[in-house]
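Coordinates in review
Listed below are the residues making up each chain.
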Amino acid sequence: MRITILKILLLFICMSILLAGCSKAPDIKDGEETAKAKQSESSDGAKETFKVADDISEYVTETDDGYICNMSIGEGDDVFKLDAEVKINSNSANELKAKLNITDFDKEKLINAFFDDAENVDDISNQLIEEINSPLNEGQIKNEYSFDIDHILNLRKNDETSEVIIKDDSFNYNNNSLMKNKAELKREIETDISNDFTIDDAWNMLVEKYKQAELGDIEKQCIYTIYYEDGDSEYGIDYTQLVNGLPLVTSAGSASLNDLQTLVHGNAIVSKDGISEIQSEYTFWEITGEEDTEIIDIYKLMELLAKYAADGKIKCSDKIIYKRCELSYLPNTKDWQTANLTPVWRVYIPYAEYEKITEENQELWGKNITMSIVIDAVTGDIIRVD
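This text gives an overview of the structure that appears in the document. (Residues numbered from 1 in each chain as written. Predicted model: local features only at pLDDT ≥ 70, side-chain atom pairs only at ≥ 80, totals over all residues. Heavy atoms only, no water.)

**Concerning the overall build of the protein chain**
The number of helices and strands found in the protein chain is eight helices and 19 strands. Residues counted as buried form 52% of the 386 residues belonging to the protein chain. Sequence-distant contacts in the protein chain: of pairs separated by 6 or more residues, those separated by 24 or more amount to 70%. (Helix = DSSP H or I, 4+ residues; strand = E, 2+ residues; numbered from the N terminus. Buried < 20%, exposed > 50% of the residue type's maximum accessible area, 1.4 Å probe, protein only. Contact = heavy atoms within 4.5 Å.)

Rendered as structure tokens:
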């Protein structure tokens, strides 16, 4: 049977307990010793094999819409490899204050986007509201780690084949007629099912649905092909929402169930016949305040990555190449009413890709190899490594 989104999230958490470790490094300020100088000192535990070019710009090539970063340092099995295209040319990203809120959804557009027969769609939102407010569910639905939900919409086709549930904190869509309850055989990363229905076709289908429903902009993280024992196949898409043009950091990694960062995710299941499932959690944010900030540039980021790899804060391997590097927003909250969206540099391997790498290189299991590095884009501190 196909692994459900809940099981995938639980798998993220279990993997995180094995893999995750958080550390925080001191700020690196202008005038202090460079990463290379730090690496040459044996007293601070840095690995002397991590030799860095005299000019850090050797690792960076400027392009029309950003940079290409290519760095390989270390020796033997202990090598940090980065080969990523960074599509950004700005040195600023505001610190945001926000709250979960989606006030402008258009019911008619949602119906037109996700239902093939608008006349047979019922609005059953009141039933969902009554269920949520039921004393039997109050303790399960609302607790100290929940945001207040002000907006709820529940649309269901009257033959119960498809349904949309949209709230401030989530968007869920199911089309039961397209779900494939079959035995799964294997998965492959970024592999086309056929020339008639490619991974690009699947991604464009999802983007078009979001556009039709006016649910905001999304960014692809990873697409994998799911093969079933009867020869059928479809695509799984991991994606994230954009806020002020930057992607939200998604849930893969952190092990704390009470951490807002563990809850942000987007996943869809798509076949040539259509979309059978969409689940997006904690992605709809209303900006309530902004603070102008200056971020560390790509060259300083390369210097920091070299330092953290040399200091052992990044557990690397010559089998791992980090192909994603992007300026993002990391959500965090103290009161579970509002949140701060902090600009961060995230260098990572999508979870589905990491899963395949470790499957092909079983010697990596138990070595706590880092698959995601989150660095504060203002201070340069490591916020999280997973």
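Structure's up, so let's keep going.
**Here's the deal with unusual backbone geometry**
One non-glycine residue, asparagine 244, lies in positive phi territory at about 50°. By the secondary structure assignment, asparagine 244 is in the loop between β11 (233–243) and β12 (246–247). Owing to a relative accessible area of 48%, asparagine 244 belongs among the partly exposed residues under this scheme. Its identity is not glycine, yet tyrosine 282 carries a phi of approximately 55°, on the positive side. Looking at the secondary structure, you find tyrosine 282 in the loop between β14 (274–281) and β15 (285–291).

**Comments concerning the pattern of salt bridges**
Following the criterion strictly, the structure yields 16 salt bridges and no others. With a closest N to O distance of 2.8 Å, aspartate 232 and lysine 182 form a salt bridge. Linking aspartate 232 in the loop between β10 (218–228) and β11 with lysine 182 in the loop between β8 (170–175) and β9 (184–189), this pair joins segments that are 50 residues apart in sequence. The exposure class of aspartate 232 is partly exposed, given its relative accessible area of 27%. (Salt bridge = Lys/Arg side-chain N within 4 Å of Asp/Glu carboxyl O.)

**What about the pairing of strand β2 (residues 66–75)?**
Of the strand pairs in this sheet, strand β1 (residues 60–63) and β2 are connected by four bridges, and their pairing is antiparallel. Of the residues in β2, the one forming a bridge with glutamate 62 is tyrosine 67. The hairpin formed by β1 and β2 contains two residues between the paired strands. Hairpin connection between β2 and strand β3 (residues 78–86): a loop of two residues separates the two successive antiparallel strands, and glycine 76 in this loop has a positive phi of roughly 65°. (Pairing = 2+ DSSP bridges.)

**Considering the packing of aromatic side chains**
Applying the stated criterion to the full structure yields ten aromatic pairs. When the ring of tyrosine 67 is compared with that of tyrosine 299, the centres are 6.3 Å apart and the planes differ by 80°; the resulting orientation is edge-to-face. Placement of the pair is tyrosine 67 in strand β2 and tyrosine 299 in helix α7 (residues 298–310), with a sequence separation of 232 residues. For tyrosine 299, a relative accessible area of 23% translates into the label partly exposed. Measuring from centroid to centroid gives 5.8 Å for tyrosine 210 and tyrosine 239, while their planes differ by 80°, and the two rings are edge-to-face. Note that tyrosine 210 is positioned in helix α6 (residues 199–213) and tyrosine 239 in strand β11, a separation of 29 residues in sequence. The pair tyrosine 210 / tyrosine 239 is uniform in exposure class, with both members buried. The rings of Phe114, Phe171, Tyr173, Tyr210 and Tyr239 are connected pair by pair, giving a single aromatic cluster. (Phe/Tyr/Trp six-rings, centres within 6.5 Å; stacked < 30°, edge-to-face > 60°.)

**A few points about a negative patch on the surface**
A cluster of like negative charges, contributed by Glu190, Asp192, Asp196, Asp200 and Asp201, occupies part of the molecular surface. Within the secondary structure layout, aspartate 192 lies in the loop between β9 and α6. Exposure remark for aspartate 192: the relative accessible area of 37% places this residue in the partly exposed category. (Patch = residues over 30% accessible without salt bridge, like charges linked within 9 Å, V, L, I, M, F, W, Y side chains within 5 Å. Areas by Shrake-Rupley, 256 points an atom, 1.4 Å probe, with all protein chains shown as cover. Lys, Arg positive; Asp, Glu negative; His and termini not counted. Charge placed at Lys NZ, Arg CZ, Asp CG, Glu CD.)

**Details of the sheet that holds β2**
In space, the three strands of this open sheet follow the order β1-β2-β3, with antiparallel pairing throughout. Both edges of this open sheet fall to β1 and β3, since each of them pairs with a single strand only. Sheet twist, expressed as the mean angle between neighbouring strand axes with direction ignored, is 10°. Two elements, β2 and β3, share nine bridges in a ladder whose sense is antiparallel. Residue glutamate 75 lies in a different strand from β3, and its bridge partner there is aspartate 78. On top of the sheet, α7 reaches β1, β2 and β3; it is set at about 20° to β2, its chief contact. (Axes fitted to C-alpha atoms, helices over the stretch in contact; angles between N-to-C directions.)

**What to know about the nonpolar core**
Ranked by size, the top nonpolar core spans 64 residues in total, and within it Phe80, Trp285, Ile298, Met302, Leu305 and Trp345 carry the most contacts. The greatest single-element share of this core, amounting to nine residues, is contributed by α7. In this structure, Val121, Phe197, Ile218 and Tyr235 belong to the second largest nonpolar core, which totals 32 residues. (Core = buried A, V, L, I, M, F, W, Y, C linked by side-chain atoms within 4.5 Å.)

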